[in-house]
Every structure is written in C-alpha cells, then in structure tokens.
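Each chain is listed here by its residues.
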Amino acid sequence: MATARDVIESYRDTEKIKLYERAIKRAVESLGREVRIMEFCGGHTHAIMKYGIDQLLEGYVRFIHGPGCPVCVLPTGRVDMAIELARNPEVILCTYGDVLRVPGSQRKSLLNVRAEGGDVRMLYSCLDALRIAEENPSKQVIFFAIGFETTTPQTAVLLMKAKERGLKNLTVVSNHVITPAAIQHILNAPEIREIGKVRIDAFIGPGHVSVIIGSKPYEYFAEEFLKPVVISGFEPLDIMQSVYMIVRQLREKRAQVEVQYTRFVSREGNVKAQKLVAEVFELRKEFEWRGLGVVPYSSLKIKKDYAQYDAERRFLVSLPPPKEHPACICPKVIRGVAVPTECKLFGTVCTPSNPIGSCMVSSEGACAAYYKYRHGGH
Ligand code: SF4
C-alpha cells in the first residue's frame with residue numbers, strides 16, 4: 001500500500017517535471033512571448049522559489065507574486081490596534097504566531113509589548129482562546145483573527161462556542177479577508193490596466209482557500225477580464241502542470257477556470273464550512289489591505305447576533321494615522337510591481353530575524369521566500 005510519503009514523492013517526480021518543462025517551453029515558443037502568471041497565494045510563492053520553478057522556466061514564464069499572505073496584507077493600522085489592545089493590563093491578547101513579529105508604526109511589535117509585560121499569547125488553534133477565557137475570568141481575552149477563507153471557519157466555530165458557553169470575557173477582532181475581491185481589485189489597478197506597466201496573462205489560483213470556497217467564485221474573472229485561472233496544489237509537479245494548463249489555455253485563446261488540485265478542490269467548495277462562516281460573519285463595506293489600499297467588500301465583520309463577541313464594538317481604540325517605514329517597498333511587492341531584491345533594505349537591514357516590513361515576517365511572504373531561497377539564507 002502506498003504511504004503518504006510515496007504519494008508526496010509522486011508529485012516530485014523529476015522525469016515528469018522534465019516532461020512538463022519541455023511541453024511548457026514548446027507551448028510558450030509557439031505563443032512567441034514570455035507568459036506572465038500571478039500566483040496569488042504565498043504558499044505557491046514559497047513552493048516556486050523552493051523548487052526553483054522560476055529558474056527552470058526563466059525566459060518562458062515570469063511569476064508575479066501576489067498578495068495571498070494574510071500577515072503581509074495586514075495594514076499597519078491594524079497592527080497598531082493589536083498593540084494598543086495588548087497594552088491594556090486587563091487584556092490577554094491572543095493571535096497566531098507570525099502576527100507577533102509584524103512591526104507597527106513605532107517599529108514595535110506584539111513581541112515587544114510582551115517583553116514590556118503585556119499578556120500576549122501565541123495560539124496554534126484559535127479554539128484555545130476558549131480555555132484561556134475560562135481560566136482567566138477576571139481578564140478580557142481578545143483573539144486577533146487574521147487569515148483568508150481557509151481560517152475563517154475556525155474563527156466562526158470559536159464565536160459559536162463562546163456564545164454556547166455564555167462566555168462574557170472573550171471577544172474577537174476580525175481581520176478575515178476575501179480572495180476574489182482582492183483579485184478583482186488587482187485586475188482593476190491602474191498598473192494592470194495601463195498596458196505595458198504590469199502585464200498579467202493568467203492566475204494560479206490559491207489551493208487551500210479554494211478547498212473552502214470552491215472554484216466557482218473565480219469564474220467571473222475568467223469571463224470578465226479574459227484571464228485563465230488554474231487552481232493549483234503546492235508540490236512541484238502540481239505547479240508545473242498548472243502552468244502547462246494555463247499556457248495551453250492561452251494558446252487555444254481560452255480564458256476559463258480549471259482545477260489542477262482536484263484531489264481537494266471542487267466547484268462548490270466546502271458547503272458546511274461556508275455555512276459556518278455565513279452564520280457568524282457578513283461582508284464589510286470596505287477594508288484596508290497593505291499594498292492594495294481600501295478594497296470594497298473584501299473582508300468580513302462579525303454579525304449583530306454576535307455583537308457582544310466583537311472586540312471592535314467592545315473596545316474603542318483611537319490611534320494616530322499609521323506610519324510605514326519610508327524605505328520598505330512591501331506595498332509594491334504585494335501588488336506585484338516590484339520584487340523584494342529591488343528594496344534597498346533587503347537582506348541587509350531587513351532579514352527574517354529583524355523584519356522591517358510584513359513581507360519578511362511570514363514564511364509565505366515574498367521577501368522571506370527570496371531571502372530563504374535566493375539569498376543564501378539557508
Ligand atoms: S525587504 Fe523588508 S523592508 Fe524591503 S520590502 Fe521586503 S519587508 Fe519591506
């Protein structure tokens with residue numbers, strides 16, 4: 001019987017990868033120009049750099065790194081909000097690991113607040129916040145939630161369980177963002193619309209997000225903007241096959257949504273998870289993304305039925321306007337109009353152990369991926 005390792009190794013088969021390499025190069029030659037593909041998801045950026053797929057297809061396919069890293073797109077103003085909440089001695093602030101290291105306006109992070117005595121806790125599962133709230137009845141426990149559609153269902157379950165248990169000291173700050181709205185925003189951006197500035201021929205669609213939302217929400221982009229979208233897995237053979245599927249669409253002058261990651265992604269997605277999210281969350285009119293600015297209907301807020309668990313209603317935080325580091329070009333990297341090595345701070349002042357911008361914090365960030373795989377980081 002095949003083990004899990006055998007299955008993974010089958011997606012790293014060198015001979016098959018070489019076959020796809022030849023097929024992609026032949027197809028691109030017949031198109032007569034380099035193909036430019038945006039991989040939306042930071043997980044794909046990481047895999048492309050790790051397996052050297054960008055180097056393998058150099059001169060044939062250019063990968064443009066998209067904004068699909070939830071830590072990277074968290075705007076400085078929201079980081080400042082988390083820091084301010086964590087400074088309240090009545091509060092235990094809980095969040096996922098990478099958020100702790102993102103610098104805010106004053107070059108301080110949640111880790112600095114913890115070093116100064118603030119009660120800041122890193123969670124592996126957001127459901128741990130339930131236990132922390134029950135064990136600390138005299139404290140207000142705030143879960144600072146971030147993530148794309150992949151992590152939203154867990155936050156929905158957290159809120160439902162908090163309500164079931166009648167917890168009075170647990171609230172959530174929702175920073176959950178939505179992929180299709182961001183892709184639409186990118187396609188409407190002046191750099192993309194202005195011919196010759198940043199050309200995007202097609203998208204590699206996010207794998208994990210699409211397990212939840214399905215492939216259906218991308219059909220609009222394919223039809224409206226005439227861009228092929230292929231939803232891909234994360235192994236090298238997955239990505240090579242996805243690139244081939246894109247190039248084949250371009251050659252056949254098609255713009256459709258195709259799923260390469262069929263072992264996990266369906267057209268409808270995970271309907272049960274979608275229902276959990278719909279029970280607790282609703283669309284915000286607008287939300288700021290680092291790099292993209294204010295994007296309409298691109299994030300989720302907590303519904304009125306769960307208002308008592310909404311930290312943004314319970315704790316009013318008033319802060320001065322956020323300040324970005326003047327030399328950090330994260331916003332350009334996130335929009336795909338610059339690569340990390342164009343930043344003057346890359347690899348010198350800014351490294352994974354001393355991140356100046358959010359793109360160097362998370363392993364899914366483009367700057368961290370360039371540092372790790374192209375800068376001799378490891
Ligand atoms: S290298 Fe650092 S400072 Fe430069 S863009 Fe990336 S995160 Fe920002």
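Coordinates for the structure precede this section.
Residues numbered from 1 in each chain as written. Predicted model: local features only at pLDDT ≥ 70, side-chain atom pairs only at ≥ 80, totals over all residues. Heavy atoms only, no water.

(A) Molecular detail of the environment of Val 177. Inspection of the secondary structure assignment puts Val 177 in the loop between strand 6 (170-176) and helix 9 (179-188). Of the residues examined, Val 177 reaches a relative accessible area of 4% and is grouped as buried. Measuring from C-alpha to C-alpha, the distance between Val 177 and Pro 75 comes to 12 Å, with 102 residues separating the pair along the chain. Residues within four places of Val 177 in sequence aside, it is in contact with Gly 147, Phe 148, Glu 149, Phe 287, Trp 289, Ser 298 and Ser 299. (Helix = DSSP H or I, 4+ residues; strand = E, 2+ residues; numbered from the N terminus. Buried < 20%, exposed > 50% of the residue type's maximum accessible area, 1.4 Å probe, protein only. Contact = heavy atoms within 4.5 Å.)

(B) Structural detail: the sheet that holds strand 5 (residues 140-147). Sheet architecture is open: 4 strands sit in the order 4-3-5-6, paired in parallel fashion. On the outer flanks of this sheet lie strand 4 (119-123) and strand 6, each paired with one strand and no other. Recorded for the sheet is a direction-independent mean angle of 20 degrees between the axes of neighbouring strands. Across 5 bridges, strand 3 (residues 91-96) lies against strand 4 in parallel orientation. Bridge pairing links Ile 92 to Asp 119 in strand 4. (Pairing = 2+ DSSP bridges. Axes fitted to C-alpha atoms, helices over the stretch in contact; angles between N-to-C directions.)

(C) Highlighting the packing of helix 3 (residues 42-50) against helix 17 (residues 366-374). Across the interface, helix 3 lies against helix 17 with an axial gap of 9 Å and an inter-helix angle of 15 degrees. The angle between helix 3 and helix 17 places the two elements in the roughly parallel class. The chirality of how helix 3 crosses helix 17 is right-handed. Across the interface between the two elements, Thr 45, His 46, Ile 48, Met 49 and Lys 50 from helix 3 touch Ala 366, Ala 369, Tyr 370, Tyr 373 and Arg 374 from helix 17. (Parallel < 35°, antiparallel > 145°, perpendicular 65-115°, else oblique. Left-handed = near helix turned anticlockwise from the far one by under 90°.)

(D) Structural context of the pairing of strand 7 (residues 202-205). Residues of strand 7 alternate between two faces, with Ala 202 and Ile 204 on one and Phe 203 and Gly 205 on the opposite face, all of them buried. Where strand 1 (residues 35-41) lies against strand 7, 3 bridges are found, and the strand directions are parallel. Looking at the pairing, Glu 39 lines up with Ile 204 of strand 7. For strand 7 and strand 8 (residues 229-231), the ladder comprises 3 bridges, and the chain directions are parallel. Paired with Gly 205 across the strands is Ile 231, a residue of strand 8.

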